[in-house]
Amino acid sequence: ILNVEQSPQSLHVQEGDSTNFTCSFPSSNFYALHWYRWETAKSPEALFVMTLNGDEKKKGRISATLNTKEGYSYLYIKGSQPEDSATYLCAFYGGSQGNLIFGKGTKLSVKP
Amino acid sequence: DVKVTQSSRYLVKRTGEKVFLECVQDMDHENMFWYRQDPGLGLRLIYFSYDVKMKEKGDIPEGYSVSREKKERFSLILESASTNQTSMYLCASSRLGKNIQYFGAGTRLSVL
């Protein structure tokens, strides 16, 4: 059974703090690692799709890194804002007609 | 922009009722998915479909069935709703060969 773990489960930070959280996944049969942001009352939206070991992607204040050999990815948010409050999901894709396997998410709350 | 529309945001049904959750996507995607999301459990795949009239069981198909008569529409059916099916249900779609998924806003179903 393939397992995708995210930590921490929840995080409370002050506006302006930088934060990061972790996604760990199987290091074998790796094809892609996704990050999604799910704001309350909205649809989950893809932030990044990462495929190469050592990959680093950036979108504004949010960035992600990928280590496929050891099976982890970090998501960083620089200078958190209240609008960053959301649940951040990572999902592992092993290819070969498999489906996305989601972690349980990290719920981020940013206080003004 | 890809749009995935779920017919209801909130639904309240009684135990034993037959329930239909509808999902429509407007980007001609081949793949469609139904997930449920429960606190502490993350997104779990119920059923998916790679083509019209085609369906595959996900991780938790018991108590559910699906229908895909047209490419753009994927319906989730609860033949006889039970209280343990109270949950948030999310529909998603993706293009064949591309694993990034686009989600609807979810249907929060309460079975009383």
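These numbers come from a predicted model, not from an experiment. (Residues numbered from 1 in each chain as written. Chains lettered and ligands numbered in written order. Predicted model: local features only at pLDDT ≥ 70, side-chain atom pairs only at ≥ 80, totals over all residues. Heavy atoms only, no water.)

**Let's talk about the overall build of chain A**
Right, on to step 1. Within chain A, the regular secondary structure consists of zero helices and 11 strands.
Right, on to step 2. Scanning chain A from its N terminus toward the C terminus, one meets helices and strands in the order β-β-β-β-β-β-β-β-β-β-β.
Right, on to step 3. Rg of the C-alpha trace for chain A: 14 Å, near the compact-globule value of 13 Å for 112 residues, within the 12% margin.
Right, on to step 4. Structurally, chain A occupies a C-alpha span of about 45 × 30 × 20 Å along its principal axes.
Right, on to step 5. The burial tally for chain A puts 47% of its 112 residues in the buried class.
Right, on to step 6. Sequence separation of at least 24 residues holds for 53% of the intrachain contacts in chain A that already meet a minimum separation of 6.
Right, on to step 7. Placing the 11 positive and 10 negative side-chain charges of chain A at their respective mean positions leaves the two points 2 Å apart. (Helix = DSSP H or I, 4+ residues; strand = E, 2+ residues; numbered from the N terminus. Rg over C-alpha atoms; globule rule 2.2 N^0.38 Å. Buried < 20%, exposed > 50% of the residue type's maximum accessible area, 1.4 Å probe, protein only. Contact = heavy atoms within 4.5 Å. Lys, Arg positive; Asp, Glu negative; His and termini not counted. Charge placed at Lys NZ, Arg CZ, Asp CG, Glu CD.)

**So, the sheet that holds strand β8 (residues 72-77) of chain A**
Residue and element names in this part refer to chain A.
Right, on to step 1. With antiparallel pairing, the five strands of this open sheet are ordered in space as β1-β3-β8-β7-β6. What marks the edges here is a single partner per strand, and that holds for β1 (5-7) and β6 (56-59). The sheet shows a mean angle of 15° between the axes of neighbouring strands, direction not considered.
Right, on to step 2. Pairing geometry for β6 and strand β7 (residues 62-67), over four bridges, is antiparallel. The residue bridging Lys59 from the neighbouring strand is Ile62, located in β7. (Pairing = 2+ DSSP bridges. Axes fitted to C-alpha atoms, helices over the stretch in contact; angles between N-to-C directions.)

**Some thoughts on the sheet that holds strand β7 (residues 64-70) of chain B**
All names here are of chain B.
Right, on to step 1. Read from one edge of the open sheet, four strands run β1-β3-β8-β7, paired in antiparallel fashion. Looking at the sheet topology across the chains shown, the edges are occupied by β1 (4-6) and β7. Across the sheet, the mean angle from the axis of one strand to that of its neighbour is 20°, orientation sign disregarded.
Right, on to step 2. For β1 and strand β3 (residues 19-25), the ladder comprises three bridges, and the chain directions are antiparallel. Residue pairing in the sheet places Val4 in a bridge with Gln25 of β3.

**Structural notes on the packing of aromatic side chains**
Right, on to step 1. Tallying each qualifying case throughout the model produces 17 aromatic pairs over all chains.
Right, on to step 2. Pairing Phe102(A) with Tyr35(B) gives two aromatic rings, centres 5.5 Å apart and planes at 85°, and the pair type is edge-to-face. You can see Phe102(A) sitting in strand β10 (residues 101-102) and its partner Tyr35(B) sitting in strand β4 (residues 31-38), one on each of two chains. By the burial criterion, Phe102(A) is buried, and Tyr35(B) matches it.
Right, on to step 3. An aromatic cluster is present here, built from Tyr36(A), Phe102(A), Phe33(B), Tyr35(B), Phe48(B), Tyr50(B) and Phe103(B) joined pairwise through their rings. (Phe/Tyr/Trp six-rings, centres within 6.5 Å; stacked < 30°, edge-to-face > 60°.)

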